[in-house]
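One letter stands for each residue in the lines below.
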Amino acid sequence: MAILPIRRAGDPVLREKARRVRTVDSSVRKLVEDMWETMYDAPGVGLAAPQIGVPLRVVVIEVPDHPRVALVNPEIVKRSGTRQVDEGCLSVPGFRGEIVRSVKVLAKGVDVYTGKEVRVKAENDLMAEALEHEIDHVNGILYIDYLPGPDALIPLGDAPEVRP
Ligand code: NI
């Protein structure tokens, strides 16, 4: 296992449409272990393979209230509703931005540990957001693409305190 450098916005690998994985073999499982280790170290709640410079369709996500998932060739099956979210990305460090995501998300992919297709369902939570965010990554899309312009990026730590 290894903690790998996280590629930042501007790196062309983040803009490629990543390749499908043909076989879930030991090299893919090793990739996933490196992704977990890199994600936990960051720390973050999700990571896509292009973020460590590997142009393959592999994502990992661990958020509260869901089992962690490592998906190969993930796809959104269905999504509905819209909601405003405050999003960030390990490849855009130091910033966040308000964008629109779906309320309900159903995704599918091959579970890297079992080699079987699984479906992941989420509603109105961080898993729903992370599924769309990480699957965007393997399609070369960053959340900043949904912002009206670079001025819409909010520096972290500069946000007004909004607490109940
Ligand atoms: Ni990201």
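Look above for the structure.
Residues numbered from 1 in each chain as written. Predicted model: local features only at pLDDT ≥ 70, side-chain atom pairs only at ≥ 80, totals over all residues. Heavy atoms only, no water.

### Brief notes about the side chain of Asp-34
Let me state the cut-off plainly: Helix and strand assignments follow DSSP, with helices taken as H or I runs no shorter than four residues and strands as E runs no shorter than two, numbered in order from the N terminus. A simple rule labels every residue: compare its accessible area, found with a 1.4 Å probe on the protein chains alone, to the largest value its type can have, and call it buried under 20%, exposed over 50%, or partly exposed in between. N or O atoms closer than or at 3.5 Å make up a polar contact, with two conditions inside protein: a donor-capable atom paired with an acceptor-capable one, and, for residues adjacent in sequence, both atoms drawn from side chains. Residues are treated as being in contact if the distance between any of their heavy atoms lies within 4.5 Å.
Relative to the assigned elements, Asp-34 resides in helix H1 (residues 26-41). Residue class for Asp-34 comes out buried when judged on its relative accessible area of 6%. Looking at Asp-34, its side chain comes within polar contact range of the main-chain nitrogen of Ala-2, at 2.8 Å. Those residues within four positions of Asp-34 in sequence are excluded, and the remaining contacts are Met-1, Ala-2 and Leu-4.

### Brief notes about the nonpolar core
For clarity, the threshold we go by: The criterion is simple. A nonpolar core is a set of buried Ala, Val, Leu, Ile, Met, Phe, Trp, Tyr and Cys residues joined through side-chain atoms within 4.5 Å.
Of all hydrophobic cores here, the largest spans 17 residues; its most connected members are Ile-61, Val-69, Val-120, Met-127 and Leu-131. Among the secondary structure elements, those contributing two or more residues to this core are strand S2 (58-61), strand S3 (69-80), strand S6 (104-111), strand S7 (117-123) and helix H2 (126-138). Broken down by element, this core gets its largest block of residues, 6 residues, from H2. Counting 16 residues, the second-largest nonpolar core is a separate cluster that includes Met-35, Trp-36, Leu-56 and Val-72.

From the geometry alone we can't say anything about function, so treat these as descriptive.
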